Amino acid sequence: MWEYLLVFLGAAIPWLEMAVVIPLGIITGLNPFWVVVIGFIGNMVTVLALIIGYNKFKIWLAKRREGKVQKESKRSERAKRIWNKYGLPGMLLLGPILIGTHIAAFIAMTLGGSKKQTTIWSAISIAVWALVFGILTALGFDFFVREI
């Protein structure tokens, strides 16, 4: 049971997220279905917390950066290019593989996405990528084990 808790916690941590946690959970022998479901929930919980608490976080970040010269990061630049080209759905669907779900949701909110639309597209994106990572890992791992 504690292994599934680790999957949940790992998926909830920005930068670690589902792309690493789901394949690791499946490779270690956990049930792929539960790894995908728990990975989705873990990632979605913290993304929802970020979306819900966005205004407070924005105020905190502004106070923290007050008086400092801030250089735009490569992730932020990449996110703005995605936003300009594909809009909110594209940002959140491509986010998990290019910049991370948490950063994608935060930037989507920063660039004017509503909480409702950001939540919907984040859920769709996280579900799709959780399934992709889970299915590909399960099929690839199953194929690899059979060949040995």
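Residues numbered from 1 in each chain as written. Predicted model: local features only at pLDDT ≥ 70, side-chain atom pairs only at ≥ 80, totals over all residues. Heavy atoms only, no water.

Let's shift gears to a positive patch on the surface. A cluster of basic residues, Lys71, Lys74, Arg75, Arg78 and Arg81, forms a positive patch on the protein surface. Residue placement: Lys74 occurs in helix H5 (residues 74-98). (Patch = residues over 30% accessible without salt bridge, like charges linked within 9 Å, V, L, I, M, F, W, Y side chains within 5 Å. Areas by Shrake-Rupley, 256 points an atom, 1.4 Å probe, with all protein chains shown as cover. Salt bridge = Lys/Arg side-chain N within 4 Å of Asp/Glu carboxyl O. Lys, Arg positive; Asp, Glu negative; His and termini not counted. Charge placed at Lys NZ, Arg CZ, Asp CG, Glu CD. Helix = DSSP H or I, 4+ residues; strand = E, 2+ residues; numbered from the N terminus.)

Right, let's get into a nonpolar patch on the surface. On the surface, Trp2, Leu5, Leu6 and Leu9 cluster together into a nonpolar patch covering about 440 Å² of accessible area. The topology assignment puts Trp2 in helix H1 (residues 2-12). Of the residues examined, Trp2 reaches a relative accessible area of 56% and is grouped as exposed. (Buried < 20%, exposed > 50% of the residue type's maximum accessible area, 1.4 Å probe, protein only.)

Quick look at the nonpolar core now. Ranked by size, the top nonpolar core spans 34 residues in total, and within it Met18, Ile22, Val35, Met91 and Leu92 carry the most contacts. Looking at this core, the elements that each hand over two or more residues are H1, helix H2 (17-27), helix H3 (32-52), helix H4 (54-65), H5, helix H6 (101-110) and helix H7 (115-147). Examining the composition of this core, we find that 7 residues originate from one element, H6, more than from any other. Contact partners of Leu92, with chain neighbours within four places excluded, come to Ala104, Ala105, Ala108, Thr118, Trp121, Ser122 and Ser125. (Core = buried A, V, L, I, M, F, W, Y, C linked by side-chain atoms within 4.5 Å. Contact = heavy atoms within 4.5 Å.)

Look at H1 against H3: their axes get within 7 Å of each other, and the N-to-C directions meet at 40°. Judged by the inter-axis angle, H1 sits oblique to H3. Crossing of H1 against H3: the hand is right-handed. Between H1 and H3, the residues in contact are Tyr4, Val7, Phe8, Ala11 and Ala12 and Trp34, Val35, Ile38, Gly39, Ile41, Gly42, Asn43, Val45 and Thr46, respectively. Of the residues contributing to the contact of H1 with H3, the split by class is 10 nonpolar, 4 polar and no charged. (Axes fitted to C-alpha atoms, helices over the stretch in contact; angles between N-to-C directions. Parallel < 35°, antiparallel > 145°, perpendicular 65-115°, else oblique. Left-handed = near helix turned anticlockwise from the far one by under 90°. Nonpolar A, V, L, I, M, F, W, Y, C, P; charged D, E, K, R; others polar.)

Its location among the elements puts Lys85 in helix H5. Residue classification places Lys85 among the exposed residues on the basis of a relative accessible area of 62%.

Moving on to the confidence of the model for the chain. Mean pLDDT over the chain stands at 86; residues scoring 70 or higher make up 95%. The secondary structure element of the chain with the lowest average pLDDT is H5, at 82, and the one with the highest is H3, at 94. (pLDDT = per-residue confidence, 0-100.)

Before going further, it helps to spend a moment on the packing of aromatic side chains. Here the structure, examined in full by the defined rule, presents 5 aromatic pairs. On the basis of an interplanar angle of 80° and a centroid distance of 4.9 Å, the ring pair of Phe33 and Trp34 is categorised as edge-to-face. Residue classification places Phe33 among the exposed positions, given a relative accessible area of 52%. Note on Phe57 and Phe106: the rings are 5.1 Å apart at their centroids and 90° apart in plane angle, and the pair reads as edge-to-face. Placement of Phe57 in helix H4 and of Phe106 in helix H6 is noted, with a sequence separation of 49 residues between them. For Phe57, a relative accessible area of 32% puts it in the partly exposed group. Members of the aromatic cluster, joined through ring pairs, are Tyr54, Phe57, Trp60 and Phe106. (Phe/Tyr/Trp six-rings, centres within 6.5 Å; stacked < 30°, edge-to-face > 60°.)

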